[in-house]
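# Survey of secondary and tertiary structure
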Amino acid sequence: MNIGGKHYRSIWPDEKDPSLIWIIDQRKLPFAFEIMSLKSTDDICFSITSMAVRGAPLIGVTAAWGIALSAVEHAGAKEPLREIRKDAIRLKATRPTAVNLAWAVDRMMAVLERQESSADLPAIAHKAAAALCEEEVESCRRTGENGLPLLEELSRKKNGGTVNILTHCNAGWLATIDYGTALAPIYLAHDKGIRVHVWVDETRPRNQGARLTAFELANHGVPFTLIPDNTGGHLMQRGMVDIVILGCDRATINGDVANKIGTYLKALAAHDNNIPFYSVFPVSSFDPSLESMSDIPVEERDPGEVTFMEGKGANGITIVQICPDNTPVVNFGFDVTPARLITGLITNRGICRPERKEIESLLLQ
Ligand code: MRU
């Protein structure tokens, strides 16, 4: 995505130094655009747990670069692969819900385990991580192309009138290396001259909507309005939402979708108001091993994310407490929307209904 006329991805390897990975530090956005260097598996793990990088596809690709850095770190070890396996376990343990994390680490380890000698592991790992990254970028670009006709159809139905889209969290290029998932068809529609407007849920408690989605849409010139998370249902009742489009961290073989906490409530409101509800994701976010939505591991995060709020104050970035001292808190990061509330899944291989048969044939492509 272009920022100030320069094309950026949310993660990239250093052109010269194979032991160096660069990221946009998403904790600092939108108030500061800071580039951060990652030089070790520890750095990679920290970037994921601290959410300097976040969003399912980006978490996966970051972990893949983590294996590449691990191969460099352990190049001189007596048994490099044994050490890299330990780092793979550490990387997988950084966050539980986005299945792309385990998918990417397993893909990388399968490549390294196939090698007869450990001599070239750093170069092989670097090449495999770069290939995985390009594959995910292309997959996300394709989700945009596959979702665009839905917006074109809505625009036709409204005789070219503005198509109002509600989205939750950030599923844009920041969350996916480039292009985005939920935001990808919106960018394409806007660039094609289709009139779109996005209702952006602030997405408490870490405000990925208020901070990151607003930053992305403003930067691209796409009209949007920021709303408190509890407003979407009211807008739907008033006919001010034509479609809900959002991301996914893990989808079961039956079409249940785990995404940012609050997604399930949007699905209920959309269902009650007959508004189409779509989840957009690359097939790397499918977890075919899971039958039931209750099997999806849901992350619980630090209560401080709820009790404290960060923002720009008179003296720069400020953190304020928003409740009485010692207030008990529960902070689930994700929830699961059952397939029965979802109109369709927009993937890089096409759109399907959230049903086992359709998903299985899509995965066989
Ligand atoms: O906690 P986060 O910011 O990693 O949660 C991100 C989401 O829930 C996104 O909607 C999802 O990962 C899809 S990103 C394309």
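Here's what I pulled together on the structure shown here. (Residues numbered from 1 in each chain as written. Predicted model: local features only at pLDDT ≥ 70, side-chain atom pairs only at ≥ 80, totals over all residues. Heavy atoms only, no water.)

What follows is about the site of the ligand. Around the ligand lies a shell of 18 residues, among which Arg 54, Arg 95, Asp 249, Asn 259 and Lys 260 are the nearest. At a separation of 2.8 Å, an oxygen atom of the ligand approaches a polar side-chain atom of Arg 54. Note that an oxygen atom of the ligand is positioned 2.8 Å from one of the side-chain N or O atoms of Asp 249. Against a free-state accessible area of 410 Å², the protein chains account for coverage of 99% of the ligand. In this structure, the ligand is accommodated by the largest cavity. Residue assignment for the shell around the ligand shows that the elements contributing at least two residues are helix H2 (56–73) and strand E11 (257–260). Classifying every residue of the shell around the ligand gives eight nonpolar, six polar and four charged. (Near = heavy atom within 4 Å. Polar contact = N/O pair within 3.5 Å; in protein donor to acceptor, adjacent residues only side chain to side chain. Areas by Shrake-Rupley, 256 points an atom, 1.4 Å probe, with all protein chains shown as cover. 1 Å grid on protein atoms, 1.4 Å probe; cavity = no way out; pocket = protein on both sides within 12 Å on 5 of 7 lines; lining within 4 Å. Sits in = over half its atoms within 2 Å of the grid points. Helix = DSSP H or I, 4+ residues; strand = E, 2+ residues; numbered from the N terminus. Nonpolar A, V, L, I, M, F, W, Y, C, P; charged D, E, K, R; others polar.)

So, on to empty space enclosed by the protein. This model, assessed by the stated rule, comprises three cavities of 30 Å³ or more. Here the largest cavity is characterised by a volume of approximately 190 Å³. Taken together, 24 residues form the lining of the largest cavity, with Arg 54, Gly 55, Ala 56, Asn 170 and Asp 249 sitting closest to its centre. When contributions to the lining of the largest cavity are tallied by element, the ones reaching two or more residues are H2 and E11. (Points joined across faces, edges and corners; volume = space filled by probe spheres on them.)

As a further point, take the packing of helix H5 (residues 121–157) against helix H6 (residues 184–191). Where H5 meets H6, the axes come as close as 7 Å, and the angle between the chain directions of the two elements is 60 degrees. Here H6 runs oblique to H5, going by the angle between their axes. Of the two elements, H5 crosses H6, and the hand of that crossing is right-handed. Of H6, the residues touching H5 (which contributes Cys 140, Thr 143, Gly 144, Glu 145, Gly 147, Leu 148 and Leu 151) are Ala 184, Pro 185, Ile 186, Leu 188 and Ala 189. Across the contact of H5 with H6, the residue classes break down as eight nonpolar, three polar and one charged. (Axes fitted to C-alpha atoms, helices over the stretch in contact; angles between N-to-C directions. Parallel < 35°, antiparallel > 145°, perpendicular 65-115°, else oblique. Left-handed = near helix turned anticlockwise from the far one by under 90°. Contact = heavy atoms within 4.5 Å.)

A probe as big as a water molecule, rolled over the atoms, marks out the empty space that is left. Each pocket or cavity is described by its volume, and for the largest pocket that value is around 370 Å³. Contributing to the lining of the largest pocket are 17 residues, with Arg 206, Arg 211, Phe 308, Met 309 and Glu 310 lying nearest its centre. Counting only elements with at least two residues in the lining of the largest pocket, the list comes to helix H10 (304–307), strand E14 (308–313) and strand E15 (316–321). If you tally residues by element for the lining of the largest pocket, the top one is E14, at three residues. Taken together, the residues of the lining of the largest pocket break down into eight nonpolar, two polar and seven charged. When its volume is computed, the second largest pocket comes out at roughly 240 Å³. Lining the second largest pocket are 15 residues, and of these Asp 229, Asn 230, Gly 262, Leu 265 and Lys 266 sit closest to its centre. Listing elements by their share of the lining of the second largest pocket, those giving two or more residues are helix H8 (232–237) and helix H9 (263–272). Ranked by the residues each element gives to the lining of the second largest pocket, the list is headed by H9, at three residues.

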